[in-house]
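Listed below, chain by chain, are the residues.
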Amino acid sequence: MENPKDVEALDKQGFIPLYYQIQQSLLARIQRGDLKEGDLFEGEEELSRQYKVSRMTARQALHGLKLQGYAMSERGKGTFVTRPKLVKSILMLESFTEEIRRKGITPSSRLLEQRVMRPTPELAERLRVQPTADVLHLRRVRLADDLALAIEDSHVPLKRFPGLEQIDFSTKSLYETIRHKYGLQPAWADEVIEALPATRDEAALLSISRNASLLCISRTLMAADDTPVEFAVSRYRGDRYRASLRVPMLTFV
Ligand code: 16G
């Protein structure tokens, strides 16, 4: 914990609410790396002493940080520094690589499986292929700045993408390859979102505890001619991800 003398004085005459100034000061300490994920914030009493404000104001500052995802309280232990969850915009059809880069983070993959297989009857129906057709199964751990965020299973019909199985998907993006090597622009997708507990294997791959919640998105990706291009199941760490969408108002005529 820092020495109170390192804490900058608040502007008590100005228009900016005191709780907000404390919040910004605590955020600056996180950004400077003085406070790291998992560290304890000072308690309300300590904060109110350091910043010379009421306990109520200190509480409000911590509450604001919780709302922004930078803090989490545990009964009897105190308030810890956390990192805000990544927000997945589920109305945008983008690849993991694009999404993570857009957030200014570096994406990477750990290839667990890349194998040509025969589809199960259910998968054959989803991809609208014959049960004897060749399908590429890719299983990857997807990382952002080296932190494992998701496990993804993708299935792609090879008839449409001959030679796809030769590409090294430990480094290449599936969607970039589909677009640039095969000239196909994905057009839309059907998605199903559900919460599921992590199995033992998933928990180990994502370094989370067993049964921790996962945000699962199943996606059937379609080309402009309405034929399936991919069926994928992405399981994101529930503590690092949340989904967001803009919902239009229903208009009644
Ligand atoms: C996204 C897709 C996933 C696809 C992957 C390709 C969702 C829910 N899923 O994660 O279906 O396989 O991107 O990523 O967004 P890549 O182009 O980086 O390999």
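For every chain, the first residue of the written sequence is number 1, and numbering continues from 1 onward in sequence order. The predicted origin of the model limits local features to residues at a pLDDT of at least 70 and limits the giving and counting of side-chain atom pairs to 80 or more, whereas totals for whole chains, interfaces and linings rest on all residues. Hydrogens and water are ignored here; the side-chain numbers use all heavy atoms of the structure.

Turning our attention to the overall build of the protein chain. The way it works is that DSSP assigns letters per residue, a run of H or I at least four long becomes a helix, a run of E at least two long becomes a strand, and they are numbered from the N terminus. Counting its secondary structure elements, the protein chain contains seven helices and ten strands. Radius of gyration here uses only the C-alpha atoms, and the compact-globule reference equals 2.2 Å multiplied by the residue count raised to the power 0.38. Expected size for 253 residues packed as a compact globule is a radius of gyration near 18 Å; at 23 Å, the protein chain overshoots this value by more than 25%. C-alpha atoms of the protein chain, sized along the principal axes, occupy 75 × 50 × 30 Å. In this description, contact between two residues means that some pair of their heavy atoms is separated by no more than 4.5 Å. Long-range contacts, defined as pairs at least 24 residues apart, comprise 57% of the intrachain contacts of the protein chain with a sequence gap of at least 6. Only the protein chains shown count as cover for residues, and the accessible areas themselves come from Shrake-Rupley with a 1.4 Å probe. Carbon and sulfur atoms provide 53% of the accessible area of the protein chain, an area that totals close to 14,700 Å².

The next thing to look at is helix α2 (residues 44-51). A simple rule labels every residue: compare its accessible area, found with a 1.4 Å probe on the protein chains alone, to the largest value its type can have, and call it buried under 20%, exposed over 50%, or partly exposed in between. What α2 keeps buried is the set Leu47, Ser48, Gln50 and Tyr51. Angularly, the buried residues of α2 cover 165° about the axis, an arc narrow enough to put them on a single face. For α2, exposure combined with an orientation more than 90 degrees from the buried face picks out Glu45 and Arg49. On its buried face, α2 sits against α1 (18-32) and α3 (55-67). With its phi angle positive at about 55°, Lys52 sits one or two positions after the end of α2. It is the directions from the helix axis to the C-beta atoms whose arc is reported.

The next point concerns the site of the ligand. To be near a molecule or strand, a residue needs just one of its heavy atoms within 4 Å of it. In the vicinity of the ligand, 18 residues are found, and the nearest of them are Thr97, Glu152, Ser173, Leu174 and Glu230. Each polar contact in these results corresponds to two N or O atoms within 3.5 Å; when the atoms are within protein, one needs to be able to donate a hydrogen and the other to accept it, and residues that are neighboring in sequence are counted only if both atoms are side-chain atoms. A distance of 2.8 Å is found between an oxygen atom of the ligand and a backbone nitrogen or oxygen belonging to Leu174. In this structure, an oxygen atom belonging to the ligand sits 3.0 Å away from a main-chain N or O atom of Tyr175. Taking 460 Å² as the accessible area of the ligand by itself, protein coverage stands at 100%. Breaking the shell around the ligand down by element, the ones donating at least two residues are α4 (96-102), β5 (135-144), β6 (147-157), α6 (174-180), β8 (213-223) and β9 (228-237).

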